[in-house]
Amino acid sequence: MSVLETGIQYIKGVGEARGASFEKLGIFTLRDLLMAFPRAYDDRRTVKRIDQLQFGETCCVCATVAAPPKLARVRRGLDITRCAVVDETARMTVTFFNQSYVGRSLVPGRSYLFYGRVGGRIGAPEMQNPVMEAEDVPPSFTRRIVPVYRMTAGLSQRVIANAVRQGLALCGDELPEQLPQPVRERYRLAQTRFAYENIHFPRDTESLELARRRLIFEEFFVLSCTLAFMRSRQGEKAGKRIAFPDMDPFYRALPFALTAAQRRAVEEILGDMTRGERPMSRLVQGDVGSGKTVVAAAAAYAVIRDGRQAAFMAPTEILAEQHFSSLSKLLAPLGVRLDLLTGGLTARQKREAQARLRSGETQLVIGTHALISESVAFDDLGLIIADEQHRFGVQQRAALSDKGDAPHVLVMSATPIPRTLALILYGDLDVSVIDELPPGRQTIDTFLVGESMRERIYRFIRKQVEAGRQVFIVCPAVEETEETPDGLRSVKEYARELSEKVFPDLRVALVHGKLRPKEKNEAMEAFAAGDVDILVATTVIEVGVDVPNANLMVVENADRFGLSQLHQLRGRVGRGEFKSYCVLFEGAGGEAARERMRAFCRTNDGFKIAEEDLRLRGPGDFFGSRQSGLPDMNIASFAADVELLKTAQTAARELLDDDPELKREDNAPLRESVTRLLEKNRGTLN
Ligand code: ADP
Ligand code: MG
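Quick caveat, the model's predicted, so the values are computed rather than measured.

Caption draft 1: Representation of the pattern of salt bridges in the model. Across all of its chains, the model carries 37 salt bridges by this definition. Taking the shortest distance from any N to any O, the salt bridge between Lys-48 and Glu-57 comes out at 3.0 Å. Since its relative accessible area comes to 18%, Glu-57 is described here as buried. Linking Glu-133 and Arg-143 is a salt bridge whose minimum nitrogen-to-oxygen distance equals 3.7 Å.

Take a look at the structure:
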């Protein structure tokens, strides 16, 4: 067993009780301890003479104890130790509250370093509760850059730092060197020992920077290798090329002309599929409403013209049905045979639909996860389209791929994804960006309002409905039983109040996550059909839903949502010819949240919003909880370290090209790290 697996309590100076506190910080072993990098640093390098001290500054002073410290018990629970210290220029008092033990360690005639904030009076400087250490021991907490660790009760910075120092000494040469030497040399990365020593106890700022660079690189590198490794296990086959299709009938059938960006995406897709060196693996990225569906339709049409089948996988039943109806309108007149396959069908309907798929009668099937199920088989599956990609993992895409012979794969993102994140999430995909909205789209006017505006907003809602429009009201999901200190109300209660008190004469319906799929569908369909004026909902309506008559989106407690989520919600309106609005109730989120939302009101550009969201919340939250498919990072930041991410990805690709299974001796430590990361993120990494 590696010394790195040593239990934290066995490290000198830790023990059972402190060990338990460390465990609260997620630190169980020596490895965890060394990986718990400081969250900040305190630069204590400035040492001043006493006569140079400025009131209020924080620095080190080197001084000799002039007389034995005096302990005074002020009252029960408060004692003060005072001690006069001198250097060759002047005299200073150091004072400690409730630290009587300090007195015993201050020896008259011996010199110490004191680090603290300068107080006292002019000519009589004082430091209260300074950090101190003897001058004749190596600098640990003064005269240098000192780490600041995450804390919890029962620990102190000193205890943690000492444990880390012990730990570094303990593991000698066994520090995990995961980077193969050629990689380290090629990218000029510091050695492990140097990196770990300097990330905890930096010798100087340059060394800290070198250490950080190496460790960030390393973290990205291991992640990239892990993702690439997973993907390579899924196998690569040559793709079947399709004949270049005659797309004219398709274009003629469209009720509009494609935008230049859409045309470009279609060309890239056709290029992939007609070249056929390997199966297409392409991500179509575009802002909400940029028209991704029709691009997917073009791809499906091309494959079907070539005599093969296409499958279109949507994340929810509602979306599957919507796509089925809009794609039927477009493609059925062109002679394409479409079918719908969702969990909502009866057993018999399912069997029949599956039989039509197997025989090849169905050319384009639209469905949910139901498409992945065992009993679904195709005659000749040529293309898979996954809409709103992040809800499907690589695993699921692969499961569907296995139903064909290396089919082409097209995935469509639900939200614009920042470049960095796309890079790592979809490192295996080519990307088409639709960076243009169809002409004539109006911008959606977005307002941030407080409680005082509530009555006016209710009147505004009524006005829209009276003009024949429909309205979404979205609330964060809250259980009825939950305590709701900051004015959050359960959706159900709120919907009841709206329908009984505020809009008794209007048709109000409710959808939330707890409804059965069938009930959810019915409510959504009623809204889509215009039989409901106001739809109160949790974020179940977040993705995709298309109701062109809806022109007002009201979001309660908007501070509770991420910006990308708000952008998705806003994208539910403005899909028809009507001037559209989005109103955000600011909630109790405070000034930082308000600032974020104000920025959101100012732009309709989903890519900008995504970058901002990533910067503010990190990738874990980016798609809502647990959906990013990325593990939490220890030191690297997807937002701040883009350049290193790219470098690490390149390095990972080079290495895996050379040793795809990581079988070489010198790659063994890396393989171990990859395995560990896979283990740790079973289920999260997709
Ligand atoms: P998203 O990219 O959000 O999935 P959709 O594919 O749902 O967007 O398209 C949004 C709306 O825009 C649909 O009603 C679609 O018919 C329409 N649309 C798509 N492309 C064009 C275009 N080139 N010109 C006009 N309208 C378009
Ligand atoms: Mg869509």
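Caption draft 2: Quick peek at helix H15 (residues 454-466). Over its 13 residues, H15 extends 18 Å from the first C-alpha to the last, a length consistent with the 18 Å expected when each residue adds 1.5 Å. Of all the positions in H15, only Arg-454, Ile-457, Tyr-458, Ile-461, Gln-464 and Val-465 are classed as buried. On an axial view of H15, the arc spanned by its buried residues comes to 120 degrees, and they lie on one face. The exposed residues of H15 that point more than 90 degrees off its buried face are Glu-455, Arg-456, Arg-459, Lys-463 and Glu-466.

Caption draft 3: Inspection of the nonpolar core at higher detail. By size, the foremost hydrophobic cluster in this structure holds 64 residues, and its most contacted members are Phe-22, Leu-33, Leu-34, Phe-217, Phe-220 and Phe-221. Within the residue set of this core, elements represented by two or more residues are helix H2 (30-35), helix H4 (157-170), helix H6 (192-200), helix H7 (205-233), helix H14 (419-425), helix H21 (642-658) and helix H22 (668-680). Broken down by element, the residue count for this core peaks at 13 residues, all from H7. Those residues in contact with Phe-217, other than ones at most four positions away along the chain, are Leu-179, Val-183, Tyr-187, Leu-189, Leu-644, Thr-647, Ala-648 and Ala-651.

Caption draft 4: View of the pairing of strand S13 (residues 338-341). Judged by which residues are buried, S13 turns out to be covered on both faces: Leu-338 and Leu-340 on one side and Asp-339 and Leu-341 on the other are all buried. Across four bridges, S13 lies against strand S14 (residues 364-367) in parallel orientation. The residue of S14 that forms the bridge with Leu-340 is Ile-366. One crossover worth recording links S13 to the parallel S14 by way of helix H12 (residues 347-359), and it is right-handed.

Caption draft 5: Expanded view of helix H10 (residues 292-305). In a regular helix each residue adds 1.5 Å, so 14 residues correspond to 20 Å; H10 covers 20 Å between its end C-alpha atoms and thus fits that length. Along H10, twelve of the 14 residues are buried, which leaves the element largely enclosed by surrounding structure. Inspection of H10 places Lys-292, Val-294, Val-295, Ala-296, Ala-297, Ala-298, Ala-299, Ala-300, Tyr-301, Ala-302, Val-303 and Ile-304 among the buried residues, and these make up the whole buried set. Immediately beyond the C-terminal end of H10, within one or two residues, lies Gly-307, with a positive phi of roughly 85 degrees.

Caption draft 6: Layout of the sheet that holds strand S21 (residues 534-537). The six strands are arranged S18-S23-S22-S19-S21-S20 in an open sheet whose pairing can be described as parallel. If you trace the sheet from one side to the other, it starts and ends with strand S18 (445-449) and strand S20 (508-511), each paired once. The average angle at which neighbouring strand axes cross in this sheet is 20 degrees, direction not considered. In this structure, strand S22 (residues 550-555) lies alongside strand S23 (residues 581-585), joined through four bridges in parallel fashion. Bridge assignment links Val-554 to a residue of S23, and that residue is Val-583. Docked against the sheet, helix H18 (residues 563-570) engages S18, strand S19 (470-474), S22 and S23, running at close to 150 degrees with respect to S22.

Caption draft 7: Layout of the sheet that holds strand S16 (residues 408-412). Judged by pairing direction, the sheet is parallel, and its seven strands sit side by side in the order S13-S14-S12-S15-S16-S11-S17 without closing on themselves. With one partner strand each, in any of the chains shown, S13 and strand S17 (430-434) form the two edges of the open sheet. Each adjacent strand pair in this sheet contributes to an overall mean axis angle of 20 degrees, direction not counted. As paired elements, strand S12 (residues 309-313) and strand S15 (residues 381-386) share five bridges and run parallel to each other. Residue Ala-311 lies in a different strand from S15, and its bridge partner there is Ile-384. Packing against the sheet, H10 makes contact with strand S11 (281-286), S12, S14, S15, S16 and S17, and its axis sits at approximately 175 degrees to S15. Docked against the sheet, helix H11 (residues 317-331) engages S12, S13 and S14, running at close to 175 degrees with respect to S13.

Caption draft 8: Quick look at the domain arrangement of the protein. Taken domain by domain, the protein comprises domain 1 (1-42 + 147-173), domain 2 (46-143), domain 3 (248-275 + 291-413) and domain 4 (445-603). Between the C-alpha centres of domain 2 and domain 4 the distance comes to 60 Å.

Caption draft 9: Geometry of the packing of H4 against H6. Two elements in contact, H4 and H6, have axes separated by 11 Å at closest approach and are oriented at 170 degrees. Judged by the angle between their axes, H4 and H6 are roughly antiparallel. Where H4 abuts H6, its residues Val-164, Leu-168 and Ala-169 lie against Arg-193, Tyr-196, Glu-197 and His-200.

Caption draft 10: Region of the structure containing unusual backbone geometry. For Asn-98, which is not a glycine, the phi torsion comes out positive at approximately 50 degrees. Relative to the helices and strands, Asn-98 is located in the loop between strand S6 (91-97) and helix H3 (100-105). Classification of Asn-98 by relative accessible area gives partly exposed; the value is 41%. Despite not being glycine, Arg-143 shows a phi value in the positive range, around 65 degrees.

Caption draft 11: Representation of the site of ligand 1 in the model. Ala-257, Gln-262, Gly-289, Thr-293 and Arg-441 are the nearest of the 16 residues found near ligand 1. In the environment of ligand 1, a nitrogen atom lies 2.9 Å from a nitrogen or oxygen atom belonging to the backbone of Ala-257. Within the side chain of Thr-293, one N or O atom sits 2.6 Å away from an oxygen atom of ligand 1. Contact with the protein chains removes 80% of the 570 Å² of surface that ligand 1 exposes when unbound. A per-class count over the shell around ligand 1 returns five nonpolar, six polar and five charged.

Cut-offs applied
Residues numbered from 1 in each chain as written. Chains lettered and ligands numbered in written order. Predicted model: local features only at pLDDT ≥ 70, side-chain atom pairs only at ≥ 80, totals over all residues. Heavy atoms only, no water. Salt bridge = Lys/Arg side-chain N within 4 Å of Asp/Glu carboxyl O. Buried < 20%, exposed > 50% of the residue type's maximum accessible area, 1.4 Å probe, protein only. Helix = DSSP H or I, 4+ residues; strand = E, 2+ residues; numbered from the N terminus. Expected span 1.5 Å × (residues − 1). Arc of directions from axis to C-beta. Core = buried A, V, L, I, M, F, W, Y, C linked by side-chain atoms within 4.5 Å. Contact = heavy atoms within 4.5 Å. Pairing = 2+ DSSP bridges. Right-handed = clockwise from strand over helix to strand, strands pointing away. Axes fitted to C-alpha atoms, helices over the stretch in contact; angles between N-to-C directions. Domains from an automatic or database assignment. Parallel < 35°, antiparallel > 145°, perpendicular 65-115°, else oblique. Near = heavy atom within 4 Å. Polar contact = N/O pair within 3.5 Å; in protein donor to acceptor, adjacent residues only side chain to side chain. Areas by Shrake-Rupley, 256 points an atom, 1.4 Å probe, with all protein chains shown as cover. Nonpolar A, V, L, I, M, F, W, Y, C, P; charged D, E, K, R; others polar.

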